[in-house]
Amino acid sequence: MAGQPQAAPLLALAERAQALGFDSIWAGDSLLARPRHEPLTLLAAVAGQLRGIDIGTAVLLPAVRNPVLLAHQLATLDQVAEGHLIVGVGIAADVPNIRSEFVAAGVPFEKRVRRLLEGLRLARSLWSGQPVDWNGRWKVERGALGPIPHRAGGPPIWIGGSLPASLKRAGRYFEGWLPIAPSAAQWARGWREVKDIARAAGRDPDTLTGAMYLTLAVDDDASRANARLDAFLERYYAQPAAVLRSRQANYAGPRAGLAEWLQGYASAGASHLVLRFAGDHERHLETVADLRAQLR
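Conventions and cut-offs
- Residues numbered from 1 in each chain as written.
- Predicted model: local features only at pLDDT ≥ 70, side-chain atom pairs only at ≥ 80, totals over all residues.
- Heavy atoms only, no water.
- Helix = DSSP H or I, 4+ residues; strand = E, 2+ residues; numbered from the N terminus.
- Buried < 20%, exposed > 50% of the residue type's maximum accessible area, 1.4 Å probe, protein only.
- Areas by Shrake-Rupley, 256 points an atom, 1.4 Å probe, with all protein chains shown as cover.
- Lys, Arg positive; Asp, Glu negative; His and termini not counted.
- Charge placed at Lys NZ, Arg CZ, Asp CG, Glu CD.
- Pairing = 2+ DSSP bridges.
- Contact = heavy atoms within 4.5 Å.
- Polar contact = N/O pair within 3.5 Å; in protein donor to acceptor, adjacent residues only side chain to side chain.
- Axes fitted to C-alpha atoms, helices over the stretch in contact; angles between N-to-C directions.
- Parallel < 35°, antiparallel > 145°, perpendicular 65-115°, else oblique.
- Left-handed = near helix turned anticlockwise from the far one by under 90°.
- Nonpolar A, V, L, I, M, F, W, Y, C, P; charged D, E, K, R; others polar.
- Core = buried A, V, L, I, M, F, W, Y, C linked by side-chain atoms within 4.5 Å.
- Salt bridge = Lys/Arg side-chain N within 4 Å of Asp/Glu carboxyl O.

How do you make sense of the overall build of the protein chain when you look at a structure like this?
From N to C terminus, the protein chain includes 11 helices and 10 strands. Each principal axis of the C-alpha distribution contributes one length, and for the protein chain these read about 60 × 45 × 40 Å. Of all 296 residues assigned to the protein chain, the portion counted as buried reaches 48%. For the protein chain, the exposed surface amounts to about 13800 Å²; the carbon and sulfur share of it is 53%. A gap of 7 Å separates the mean positions of the 34 positive and 28 negative side-chain charges of the protein chain.

Help me out: how do you make sense of the pairing of strand E9 (residues 250-253) in this one?
Walk down a regular strand and you will see the side chains alternate between the two sheet faces. Neither face of E9 is left uncovered, since the one carrying Asn 250 and Ala 252 and the one carrying Tyr 251 and Gly 253 both have all their residues buried. Of the pairings in the sheet, the one linking strand E8 (residues 209-218) to E9 comprises 4 bridges and is parallel in character. The partner of Ala 217 across the bridge, within E9, is Ala 252.

How should the environment of Leu 70 be read in this particular structure?
Topologically, Leu 70 is positioned in helix H3 (residues 67-80). Looking at Leu 70, the relative accessible area reads 3%, which means it is buried. Once the C-alpha coordinates of Leu 70 and Gly 119 are considered, the two residues, 49 residues apart in sequence, prove to be 8.9 Å apart. In this view, Leu 70 contacts Leu 40, Leu 60, Pro 62 and Arg 65; residues no more than four positions away in its chain are not counted.

What should I look at first to understand the side chain of Ser 30 in this one?
Mapped onto the fold, Ser 30 is located in the loop between strand E1 (24-27) and helix H2 (39-49). For Ser 30, a relative accessible area of 7% corresponds to the buried category. Within polar-contact distance, the side chain of Ser 30 engages the backbone nitrogen of Ala 33 at 3.3 Å. A distance of 2.6 Å separates a polar atom in the side chain of Ser 30 from a polar atom in the side chain of Glu 101. If near-sequence neighbours (up to four positions away) are discounted, Ser 30 is found in contact with Arg 36 and Glu 101.

Got a minute to help me understand the packing of helix H6 (residues 164-173) against helix H7 (residues 184-200) in this structure?
A pair of packed helices can be characterised by two numbers: the angle between their axes and the separation between those axes. With their axes 7 Å apart at the nearest point, H6 and H7 run at an angle of 45° to one another. For the element pair H6 / H7, the angle class is oblique. Where H6 crosses over H7, the two elements pack in a sense that is right-handed. When H6 is examined against H7, the residues Leu 167, Lys 168, Ala 170, Gly 171 and Arg 172 are found in contact with a partner set consisting of Gly 190, Glu 193, Val 194, Ile 197 and Ala 198. Classifying every residue of the contact of H6 with H7 by side-chain character gives 5 nonpolar, 2 polar and 3 charged.

When you look at the nonpolar core in this model, what are you seeing that I'm missing?
Taken as a class, soluble globular proteins show a tendency for nonpolar side chains to be buried jointly. Membership of the largest hydrophobic core comes to 66 residues, with the highest contact counts inside it found for Leu 216, Leu 258, Trp 261 and Tyr 265. With near-sequence residues (within four places) excluded, Trp 261 lies in contact with Leu 214, Thr 215, Leu 216, Ala 249, Asn 250 and Tyr 251.

Teacher, can you tell me more about the pattern of salt bridges here?
Pairing between side chains of opposite charge can happen when the charged atoms of each approach one another. What the rule picks out here adds up to 17 salt bridges. One salt bridge connects Asp 29 with Arg 65, and the closest N-O pair in it is separated by 2.8 Å. Linking Asp 29 in the loop between E1 and H2 with Arg 65 in the loop between strand E2 (54-60) and H3, this pair joins segments that are 36 residues apart in sequence. Of the residues examined, Asp 29 reaches a relative accessible area of 7% and is grouped as buried. The buried category is assigned to Arg 65, whose relative accessible area is 14%. In this structure, Lys 195 engages Asp 206 in a salt bridge whose closest nitrogen and oxygen atoms are separated by 3.8 Å. With Lys 195 in helix H7 and Asp 206 in the loop between H7 and E8, the pair connects residues that are 11 residues apart, well separated along the chain. Members of the salt-bridge network, linked through shared partners, are Arg 16, Glu 282 and Glu 286.

This is the structure:
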């Protein structure tokens, strides 16, 4: 997005994040709509360079991929990461440039939810290592995948979204919930609902992970922080910043306020906070690392 496509600075940033005590490194996904590296390839490079740190997608769009190929990629990546892979997934926002991505991939946008759910069920079946017969959108006859993931059963899959249908999917089918929209109070209500849905589906809600995706611009000058965040969001999404900030959890201001804001999500029950910085990544990493001890 900044016109600097080199991968080496990103790998150096990942190394710096681990040195500062961050628990995980995340990469987003887009084919054509937004400029970024292909996430699974980039995360394989991170996993090959670093050890003992989780890597994750925030979020991957499985619906634009063949699930057999994706199952193979994720199994291999989980082996490279030695079981430290988390697969965050989403159904994709209904905006023109995302619809164009689906057209370019030869995938019907209107069928994306069903494609996601069936495709991930197929991937999980293949991760068993046993021969799989599948007769649905995709046809598999006695297909056995190797290698299977490092983690038994495959990496945990977290899903985004905060609409009622999204909460149902999270509670019924996935190992974690990773939304981008709610305030801390809204997140707490949604998390309770996800766990209630899981319980009603016969699942143990305590095995699910509650996470949150947050966007930050930290500066002692609040007006400068807000201008920086607005510019970042508009450049990234090509939409008005006011619209985006009403739909996504975000913070712009001094570090003291950031600590309180992050604590709100931690107190609501979020055990993982996935942070996206509005540029100036090295400084943001160090600022948040200094605040970590304050979170409870």
